[in-house]
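Chains, contacts and geometry: an overview
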Amino acid sequence: MASFSALALDLTDHEQAGKRLYREGLSSSDVQLQARVGASDMAVPASVLPCASCHGSDGRGRAEGGVRPPSLDWRRLALGQGTREANGRTYPAYTDSSLARAIQQGVDPAGNRLDPAMPRFELTLADQRNLTAYLKRLAQERDPGVEEGVLRLGTLLPASGPLADAGHVIRAVLQDGVAQLNQQGGIHGRRLELVVLDPGADPASAERALQRLLGQERVFALVSPLAPMLDQRLTTLLGAQNVPLIGSTPRSGGSAQIFDPLPGLPEQLLSLAGHARTALGLAPGELRVVYAGNEQAALAEQVRERLLQQGWATPAIQVFDGQAVDGPGIIFLGRAQAFAELAAALQAAGRQPYLFAASSQVAGAVARLPEQWSRRLFLAYPYVPGDWTEQGLATLAGLQQRQGLDPRQASLQVSTLCALRLLSEALKQIGRDASREQLITALEGLHDVATGLTPALGFGPGRRQGMAGAHVVAVDLPGPHFTAVTPYRPVPVTP
Ligand code: HEC
């Protein structure tokens, strides 16, 4: 990790040590630094209250709350003549020694007491010197990928193997979108640049590719990568450098940095459960969660837990292994082939439960199902034709035509378009002084973004999926014919 940060900036050793103190509250020596907090001067380790936790790792301060941590931009604090102003105090320019007094004793250059919300830090001489050196650089220090005329984005897309086809589609959509944005002048005067690397076939090669994106290639944020083998590692590696990613859902739980425009599988399946209860009248004990394939087990368990929270009495999850599962309603997670086998096994046993699944997983098996499943099968779709506006359709058709993309792969095209749309929206909002932290805050603040292809999308504090649920669609056979029976309504979030 250290080698990354060294690559990402040109700081001297002193400045680097100052940065560690600023961000993590750690001394360059072995001492544990203390901060004195509040009017009572209570001592806490500085590592619990590093400067960055209040002033932001970009030093821009915070815009909300009562007494606000001001911006620590050195130009504002110390350069030039004239008085400055913060939280009603006025004072002349800071010098190195008055800055040390503010940090250690809580007085500004005019002798005003700082509000006790600003802790007093007990620093060694060396630590104070390092910290001051870093504060002089802080405002110039930009996150990687933000340059004078260029903003660099990155992604990981396999060029061979089973995901190559999808990788090709995503790449075409991203490159097309970036070209369109650049034609309109880029974002805040910066041209967007897209770096595409191949994650290869295994977790190790994928991790190397990611490290290269973040290190050598210096990308600012990631968009729509396709590297399922990274999963847990992706979350950890992005978290360590606060790298925003938009357009993916980690299978293994959430991450503060990862945003997905479309709903995850659990939310989609919960919409189906809602329909099972309100429209089909299934009782709390009548829904089973069945999965095929080990990689689905964790998701299946998540779904069951969420069902229990919503008042279902769903028994333990079951793995499908060719048997005819019992129960009046079955929520299925797994691939199309296994789904077709489940339907056949049930049929052979003379059973005809309601089946619920995500269209993204099982759509491939639906056309071949026998007629007896007509209106017994319900699929979750993040969006349906009713969500498509004329403009949305024109955008999609234009893209398909320019890039020679197959309309049958529209769902991948739509999800990638949405990711790029939300990303560029947030980038526009944060202005030219873009930092990763600001991008994450801006993404979090997006509400009701109309895409013309999906229901309105948006995130929120702690909310990382653009939609919390899906449309419920009934399947008529033979055909198949699809009828939207319950429109998308956000599934209530239980903490
Ligand atoms: C718990 C939150 C918190 C932490 C941690 C914190 N500060 Fe502050 N800081 C504040 C607040 C709030 C103010 C505004 C006080 C006021 O205006 O009276 C402030 C004010 C300041 C000022 C005065 C700026 C001015 O314009 O007069 C400086 C300099 C400063 N902080 C530096 C630091 C440094 C360096 C660290 C880490 C060693 C740090 N702060 C840690 C909350 C914090």
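Cut-offs applied
Residues numbered from 1 in each chain as written. Predicted model: local features only at pLDDT ≥ 70, side-chain atom pairs only at ≥ 80, totals over all residues. Heavy atoms only, no water. Pairing = 2+ DSSP bridges. Helix = DSSP H or I, 4+ residues; strand = E, 2+ residues; numbered from the N terminus. Donors = N, O, S within 2.8 Å, 3.2 Å for Na, K, Ca; no water. Tetrahedral: all angles 85-135°; square planar, octahedral: opposite > 155°, others 65-115°. Buried < 20%, exposed > 50% of the residue type's maximum accessible area, 1.4 Å probe, protein only. Salt bridge = Lys/Arg side-chain N within 4 Å of Asp/Glu carboxyl O. Axes fitted to C-alpha atoms, helices over the stretch in contact; angles between N-to-C directions. Contact = heavy atoms within 4.5 Å. Phe/Tyr/Trp six-rings, centres within 6.5 Å; stacked < 30°, edge-to-face > 60°. Lys NZ or Arg CZ within 6 Å of the ring centre and 35° of its normal. pLDDT = per-residue confidence, 0-100.

**Focus: the pairing of strand β1 (residues 34–37)**
- Sheet topology note: the β1/strand β5 (residues 120–122) ladder contains three bridges and is antiparallel. What sits directly across from R36, in β5, is R120.
- One ladder, built from four bridges, connects β1 with strand β2 (residues 42–45); its direction is antiparallel. Across the sheet, the residue bridging to V37 is M42, located in β2.
- Linking β1 to β2, which pair antiparallel, is a turn of four residues; within it G38 sits at a positive phi near 70°.

**Points about the coordination of the iron atom of the ligand**
- Taken together, the protein ligands of the iron atom of the ligand are H55 (NE2) and M118 (SD), with distances of 2.1 Å.
- Metal-centred angles of 88 to 179° between the six donor atoms at the iron atom of the ligand mark the site as octahedral. One end of the pair, H55, is in helix α3 (residues 51–55); the other, M118, is in the loop between α5 (96–105) and β5, with 63 residues separating them in the sequence.
- Classification of H55 by relative accessible area gives buried; the value is 9%.

**Overview of the pattern of salt bridges**
- This structure, assessed with the given rule, holds 19 salt bridges.
- Measuring nitrogen to oxygen at the nearest pair gives 3.0 Å for the salt bridge that ties R152 to E193. Linking R152 in strand β6 (residues 150–156) with E193 in strand β7 (residues 191–197), this pair joins segments that are 41 residues apart in sequence.
- By relative accessible area, R152 is classed as buried at 10%.
- When the shortest N-O distance is used, the salt bridge between E301 and R304 registers 3.6 Å.

**Section: the sheet that holds β5**
- Here we have three strands laid out as an open sheet, ordered β2-β1-β5, and antiparallel in their pairing. The two strands at the open ends of the sheet, each matched to only one other strand, are β2 and β5. When the angles between neighbouring strand axes are averaged without regard to direction, this sheet yields 30°.

**Focus: the sheet that holds strand β13 (residues 329–333)**
- One open sheet holds the seven strands; their spatial order is β12-β11-β13-β14-β15-β16-β17, and the pairing between them is mixed. Both outer strands of the open sheet, β12 (318–319) and β17 (481–486), are each paired with one neighbouring strand and no more.
- Across three bridges, β13 lies against strand β14 (residues 354–358) in parallel orientation. From the neighbouring strand, I330 faces β14, where its bridge partner is L355.
- Lying over the sheet, helix α10 (residues 265–278) contacts β11 (287–291), β13, β14, β15 (377–381), β16 (471–476) and β17, oriented at roughly 155° with respect to β14.
- The strands that helix α12 (residues 336–348) touches are β13, β14 and β15; relative to β13, the one it contacts most, it runs at about 155°.

**Some details on the packing of aromatic side chains**
- Tallied over the full model, the rule gives nine aromatic pairs.
- With a centroid separation of 5.8 Å and an interplanar angle of 55°, the aromatic rings of Y22 and Y134 are classed as tilted. Placement of Y22 in helix α2 (residues 13–24) and of Y134 in helix α6 (residues 125–138) is noted, with a sequence separation of 112 residues between them.
- Ring plane angle 70° and centroid distance 5.0 Å describe the contact between F259 and F459, whose orientation is recorded as edge-to-face. Here F259, found in strand β10 (residues 258–259), pairs with F459, found in the loop between α16 (436–444) and β16; they are 200 residues apart in sequence, far enough to count as distant.
- Residue classification places F459 among the buried positions, given a relative accessible area of 1%.
- Three or more aromatic residues joined by ring pairs form one cluster here, namely Y354, F356 and F378.
- Over the face of the ring belonging to W312 we find R277, whose NZ or CZ atom lies 4.6 Å from the ring centre.

**Here's the deal with the confidence of the model for the protein chain**
- On average, residues of the protein chain score 91 in pLDDT, and 96% of them reach the 70 mark or higher.
- With pLDDT under 50 throughout, residues 1–8 is counted as low confidence; its partners more than four residues away or in other chains account for 11 contacts.

**Description of unusual backbone geometry**
- Omega for the peptide link from L477 to P478 comes to -5°, which places this bond in the cis form.
- With respect to the helices, strands and loops of the structure, P478 is situated in the loop between β16 and β17.
- Residues G479 and P480 are joined by a peptide bond in cis, for which omega reads -10°.
- Positive phi, normally seen in glycine, also occurs at N242, with a value near 55°.
- With respect to the helices and strands, N242 occurs in the loop between α9 (231–241) and β9 (245–246).
- Its relative accessible area of 23% is what places N242 among the partly exposed residues.
- At D448, a position not held by glycine, the phi torsion is positive, near 50°.
- Note on placement: D448 falls in the loop between α16 and β16.

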